Amino acid sequence: MFVKLQLLYTTNLCFHGPIFANPNAVLVSPQEKAEKVHHRSNNGNKGTSFVKRYSPGCVNQETHLRKQGLEKNSNDGAFDKRKTDDEHSGGGGGSLKVHTRCSTKWASYGGCIPDMLEALDTFRDVGKALRPWEERINNKERSIILKEQRRWDRALEIFKWFKENGHELNVIHYNIMIRTLGKARKWSRVESLWNEMNARGIAATNSTYGTLIDVYSKGGLKEDALFWLDRMLGQGMEPDEVTMVTVVQLYKKVGEFRKAEEFFKKWSLSKPLRPNNKNAVAALEIERVTNSNASLSSHTYNAMIDTYGKMKEACLEPDLVSYRTLLYAYSIRKMVHEAEELISEMDKRGLEMDKFIQSALTRMYIEAGMLERSMFWFQRFHLVGNMTSECYAANIDAYGEHGHTLEAEEVFVRSQERKSPSVLELNVMIKAYGIGKCYDKACQLFDSMQRRGIVADTCSYSSLIQILVTADKPHLAKSYLKKMQEAGLVKNCVQYSAVISSFAKLGQLEMADDTYKEMIRYGVRPDIIIYGVLINAFADVGRFKEAIAYADEMKRTGLPGNTVMYNSLIKLYTKVGNLKQAEETFKLLQSSEGGAAVYSCNCMIDLYAKQSMVDQAKGIFETLKRNKAANEFTFARMLSLYKKLGRLDEAIEIAMQMRKLRLLKDPKSYNSVLDLFIIAGRANDTIDTLNEMVRAAIKLDDCSFRSLANLLVRYGMSRGSVGKLEVLMKKDPSHGIQAWTSALSSVLEVDDDCDSE
């Protein structure tokens, strides 16, 4: 539905004629003829780029470059910046100032990144700060480190350290630095980075040019921003939506509203944004503008609404494209009053609404809760008689998505007054029935297709199958899946995956297995998702033999694993106690992009604990703690391991950490800690924990009561008295727990008195 956006450069920009042949060419003198220029990169390699001068009659580029403060470098023909931006102020000298950061944001990155950022804020020397990770910092981590720096000079210092220590730096890292230095208005350093990119053979991307345009524009350098736009367009690159808005706002700031409108109009129409651009395509028909607009963000529409409001203050009259764009902007912002005023204005001028505007405004009225008004608007266009199937479908979908099934039905019926409905209209009506939970009607409408002479397509089947599995009707969905298979429309396992997942969710594992086998018979190859569903489903009910069989089958197919699959396998191997397979899978999980999740780490700790493998369990535990990822289950597993081995001091240390971190949340964790304190004879900690449990309304389990009973007997209470406490607890839990607490406090006070004597 979306049109491809192609570039057109307006004729009133500062520069015309051919632009550099090489997108990575350094800034060179426009008076020089095409010549080969060699640049030496930091590592001694040589890169080659070619440059061309502008054609006669254009604005002199050298004058423009002088405005930027560029001077020719006699060594290589590139231009350097005159030191007009106070480069010596704060350029890296002085001691490092530690900033208070949002620890929540840092923690969200996961892995080693929070520790790296903290180290860089703590140590002035970059090498010292990053030494623990120096050999294993990846591209993503380098990007985050650079982006998180608040001071441009610190970011530049880290960037240089990466270069000098052999770390890979790609275009993303350069883009980050261009934005950082541009925001600080260090223009000579920005242009130095551009030259460096060329010397190192790093090609500028759409994002690079967009960043340059943005920082120069926000820096108040209009001509420089347009210069970078010209460079971008000269390479046949398309400004993305963000860059387009930047250019529009640039024109708006200087009062050139007509240019702003013209640039947006040509961009949205996919017209070439620069004359004689061989990479541009011919202009598309005007009706497609709104189709393109459908993909724009609210930020873009806010900018256009503001621009057009100012395009009116200047007494400039909008054209049809401008009216349609503004009307669409009002509709998605639910600005009903403004939209209706504009409609009235368009009606007076005899300007026609297109089908996309019609459906957009229908949706606006629906979302504003004005159903009657929306239907009136629909009728206005329906009665004219020129609505297409696509337009009817869009209106049905607008009502259906918001659960207005009756209104969607009315539009569907109206569509049949003019012509026979197409498969598109039936498909969106089936979807509307699904959203409205009218499952029988959805099936009936699908079944009526053949009678209407309409052939169901892939979308028809897929939509109905998805509706039925969502409604927990996998048996019915399977029957339509079989028809889809017989029609030759099953191209992958997506529909089978939906049906199998539904059977598994309902616990109907034999049907899930039967559907899987049917899929195999038809020659449809399962994917990693299907195997994951089946492995988890069988493992969760203790049918480990079948779960392992699916795991083995998945390995034989050679499907590449992912973190979800690895986690499922570790979960399975933990349940069956297969440490070897779990370790192999855990290594794969650790080397994957997402790394090992805390759940899988806890599973491995549990497996190691069962084998009394303390060092291996402790290694994972310490890693989780260092990354601030350890949870209550992590601590509880380590506590149980130490307690089982009689290493009570280490177990108590874990218990104290759990209390300090407030990780005691459920009966199991509380009872585990309580039992530990009882075994270790730590009476005061026992009382404190018991009181915490009472305040938190945590129920003691039988194991804890047995331990408490033994503690009381150990301190001199008779078995008969303990038995009475147990009976009271069963009859009246509220008074019973108070009696237990009082008994414990009494015997401990007596014990303390004896100790003091």
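Bear in mind that the values here come from a model prediction, so they are computed numbers and not experimental data.

Conventions we followed
- Residues numbered from 1 in each chain as written.
- Predicted model: local features only at pLDDT ≥ 70, side-chain atom pairs only at ≥ 80, totals over all residues.
- Heavy atoms only, no water.
- Core = buried A, V, L, I, M, F, W, Y, C linked by side-chain atoms within 4.5 Å.
- Buried < 20%, exposed > 50% of the residue type's maximum accessible area, 1.4 Å probe, protein only.
- Contact = heavy atoms within 4.5 Å.
- Helix = DSSP H or I, 4+ residues; strand = E, 2+ residues; numbered from the N terminus.
- Salt bridge = Lys/Arg side-chain N within 4 Å of Asp/Glu carboxyl O.

1. Remarks on the nonpolar core
Phase 1 of the analysis: In this structure, Leu327, Met604, Met658, Leu708, Leu712 and Trp740 are the most contacted members of the largest nonpolar core, which totals 142 residues.
Phase 2 of the analysis: Excluding residues that lie within four positions of it along the chain, Met604 makes contacts with Ile570, Leu579, Ala582, Glu583, Phe586 and Ile620.
Phase 3 of the analysis: Within the second largest apolar cluster, 58 residues are counted, among which are Trp187, Ala204, Ile213 and Leu250.

2. Digging into the environment of Glu367
Phase 1 of the analysis: By the element assignment, Glu367 lies in helix H17 (residues 355–367).
Phase 2 of the analysis: Taking relative accessible area as the criterion, Glu367 reaches 32% and is therefore assigned partly exposed.
Phase 3 of the analysis: Measuring from C-alpha to C-alpha, the distance between Glu367 and His402 comes to 8.0 Å, with 35 residues separating the pair along the chain.
Phase 4 of the analysis: In this structure, Glu367 is in contact with Lys334 and His402, ignoring residues within four places of it in sequence.

3. Considering the pattern of salt bridges
Phase 1 of the analysis: As enumerated under the stated definition, the model contains 32 salt bridges in all.
Phase 2 of the analysis: A salt bridge links Asp472 to Lys505; the shortest N-O distance between them is 3.2 Å. You can see Asp472 sitting in the loop between helix H24 (458–470) and helix H25 (474–486) and its partner Lys505 sitting in helix H26 (residues 494–505), a full 33 residues away along the chain.
Phase 3 of the analysis: For Asp472, a relative accessible area of 34% translates into the label partly exposed.
Phase 4 of the analysis: Taking the relative accessible area as the measure of exposure, Lys505 reaches 61% and is therefore exposed.
Phase 5 of the analysis: The partner of Arg659 in a salt bridge is Asp685, and the shortest N-O contact between them spans 3.9 Å. Of this pair, Arg659 sits in helix H35 (residues 648–660) while Asp685 is found in helix H37 (residues 683–695), placing the two residues 26 residues apart along the sequence.
Phase 6 of the analysis: When its relative accessible area of 14% is taken as the criterion, Asp685 is described as buried.
Phase 7 of the analysis: Each of Arg363, Asp397, Glu401 and Lys431 takes part in salt bridges that share partners, so that together they form one network.

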